[in-house]
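Observations on the model geometry
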Amino acid sequence: MRAVLVRQPGGPDALEVVELPVPVPGAGQVQIRAEAFGVGQPDVLIRRGVYKWMPPLPANPGNDVAGRISALGSGVEGLALGQKVLLSARDLSQRGGCYADYVVAPADAVHALPDHVELQAAVCLSNYQVAYALLHECRHPRAPASALVIGAAGGVGTALVQLAKLAGMTVIGTVSTEEKAAFTRANGADHVIFYRSEDVVARTRELTDGEGVGLVLDHVCGPEFTSYLGALGKWGTLLSYNAFAGLPEENLMAAMRDHLDICPAIRCFSFHIYDHDRDGRRALMRSVIEALSRNAIKPAISAVLKLDEVRKAHTLLEQGSALGKIIMIP
Ligand SMILES: NC(=O)c1ccc[n+]([C@@H]2O[C@H](COP(=O)([O-])OP(=O)(O)OC[C@H]3O[C@@H](n4cnc5c(N)ncnc54)[C@H](OP(=O)(O)O)[C@@H]3O)[C@@H](O)[C@H]2O)c1
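Overview of the structure. Note that the structure is predicted; figures quoted are calculated from it, not measured.

Rules used throughout
- Residues numbered from 1 in each chain as written.
- Predicted model: local features only at pLDDT ≥ 70, side-chain atom pairs only at ≥ 80, totals over all residues.
- Heavy atoms only, no water.
- Buried < 20%, exposed > 50% of the residue type's maximum accessible area, 1.4 Å probe, protein only.
- Helix = DSSP H or I, 4+ residues; strand = E, 2+ residues; numbered from the N terminus.
- Arc of directions from axis to C-beta.
- Contact = heavy atoms within 4.5 Å.
- Phe/Tyr/Trp six-rings, centres within 6.5 Å; stacked < 30°, edge-to-face > 60°.
- Near = heavy atom within 4 Å.
- Polar contact = N/O pair within 3.5 Å; in protein donor to acceptor, adjacent residues only side chain to side chain.
- Areas by Shrake-Rupley, 256 points an atom, 1.4 Å probe, with all protein chains shown as cover.
- Nonpolar A, V, L, I, M, F, W, Y, C, P; charged D, E, K, R; others polar.
- Salt bridge = Lys/Arg side-chain N within 4 Å of Asp/Glu carboxyl O.
- Axes fitted to C-alpha atoms, helices over the stretch in contact; angles between N-to-C directions.
- Parallel < 35°, antiparallel > 145°, perpendicular 65-115°, else oblique.
- Left-handed = near helix turned anticlockwise from the far one by under 90°.

Take helix 1 (residues 41-48) next. Residues of helix 1 that are buried include every one of Asp43, Val44, Ile46 and Arg47, and no others. End-on view of helix 1: buried residues confined to an arc of 160°, all on one side of the axis. Its buried side turned inward, helix 1 meets strand 1 (2-6), strand 2 (15-19), strand 3 (29-39) and helix 9 (310-319). Looking at the residues trailing helix 1, positive phi occurs at Gly49, about 80°.

Laid out in structure tokens, this is it:
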């Protein structure tokens, strides 16, 4: 079978498609015949060798696979051959391991999927799992009525927009281009802001009749981050889930004290908070599988490439031009 390995971390050329023996499931394990692979930022970080939760080299950098059970180890109950399943490396003892024609995993790590669920849609769900946690676990207990999603056309951004709409929020998304604006509106956002040419904070306040939003969801950080406090309404939370553009230079405490009238909060999120909370992370995934199975969400797939095109898939992801999620098929 084919698998993708990184021996020497680096750019997309570090990804090698190699031939390996098909893995055999041991006791309590299942073998999955892959039909779809997610391509995401953690895969890129593993490829570059800079992931904080780096698997040992040579590493298979894939973190999401969907397929069907193709063999069962001894003692596995409740899963049958042919069953559609989703596997996220978040449920494995180490990240990575999912870019391969066949993947073996503990039976209790996989999520069984209803047969009518499309595997290409299911493999996008790890973004929804993150988005669900961001929207429902990280904010003030008083549910926000509105959210500002920075980078709303990306993989996590599209999931945030859909799940925030499902939760009844007014959603504003920031985008860089007209194409991304049209896509983000079609994905359900009520308003878009062109962050390169418009003042994001002033526009957010205008669009919310001066109230501000309950939640700002940001993965960019950098010089703009502190200013987003000005887009928040009462009890609002500025939620950071990565720092693409580096850390802010301002004194955050001083900046928050400039907005004492709204009692703002800043929270830093990483999905690794669930590393030792199996029930918590699986409940999140079940919520989004359930939403997908009743068609309440529709993952946006921007490109479907072949596993052999894994270098191209990573190049596309790093260009930042994708509308939604990039996936691969065998
Ligand atoms: N904390 C966690 O547990 C966790 C889990 C999963 C993902 N993440 C993080 O979530 C982030 C998004 O991942 P993804 O897979 O959705 O990536 P993606 O598909 O590449 O989307 C990123 C989006 O960010 C926007 N963007 C880039 N630079 C920007 C800037 N300077 N200002 C505003 N927007 C900018 C881009 O749109 P524009 O062209 O419109 O700017 C792009 O659509 C990554 O940083 C990833 O590491 C965190």
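Applying the stated criterion to the full structure yields four aromatic pairs. Aromatic side chains Phe269 and Phe271 sit 6.3 Å apart centroid to centroid with 75° between the ring planes, which places their arrangement in the edge-to-face category. Of the two residues, Phe269 and Phe271, neither departs from the other in class, the shared state being buried. Geometrically, the ring pair formed by Phe271 and Tyr274 is tilted, given 4.8 Å between the ring centres and 40° between the ring planes.

Moving on to the site of the ligand. If you check the shell around the ligand, you find 21 residues, and the closest are Val156, Ser176, Lys180, Tyr195 and Phe271. Contact distances for the ligand include 2.8 Å between an oxygen atom and a side-chain N or O atom of His219. Within the backbone of Phe271, an N or O atom sits 2.6 Å from an oxygen atom of the ligand. Computed on the free molecule, the ligand has an accessible area of 910 Å², of which 85% lies beneath the protein chains in the complex. Tallied by class, residues from the shell around the ligand come to 11 nonpolar, nine polar and one charged.

On to the pattern of salt bridges, then. A full pass over the atoms with the stated rule returns 16 salt bridges. Here Arg294 and Glu290 are joined by a salt bridge, their closest N and O atoms 2.7 Å apart. A single salt-bridge network, built from bridges that share partners, covers Arg33, Glu35, Arg68 and Asp115.

What follows concerns the packing of helix 3 (residues 125-136) against helix 4 (residues 155-166). Running from N to C, helix 3 and helix 4 cross one another at 55°; their axes reach a closest spacing of 8 Å. The angle between helix 3 and helix 4 places the two elements in the oblique class. Note on packing geometry: the crossing formed by helix 3 with helix 4 is right-handed. Residues Asn127, Tyr128, Val130, Ala131, Tyr132, Leu134 and Leu135 of helix 3 form the contact with helix 4, whose own contacting residues are Gly155, Val156, Ala159, Leu160, Gln162, Leu163 and Ala164. Looking at the contact of helix 3 with helix 4, its residues break down into 11 nonpolar, three polar and no charged.

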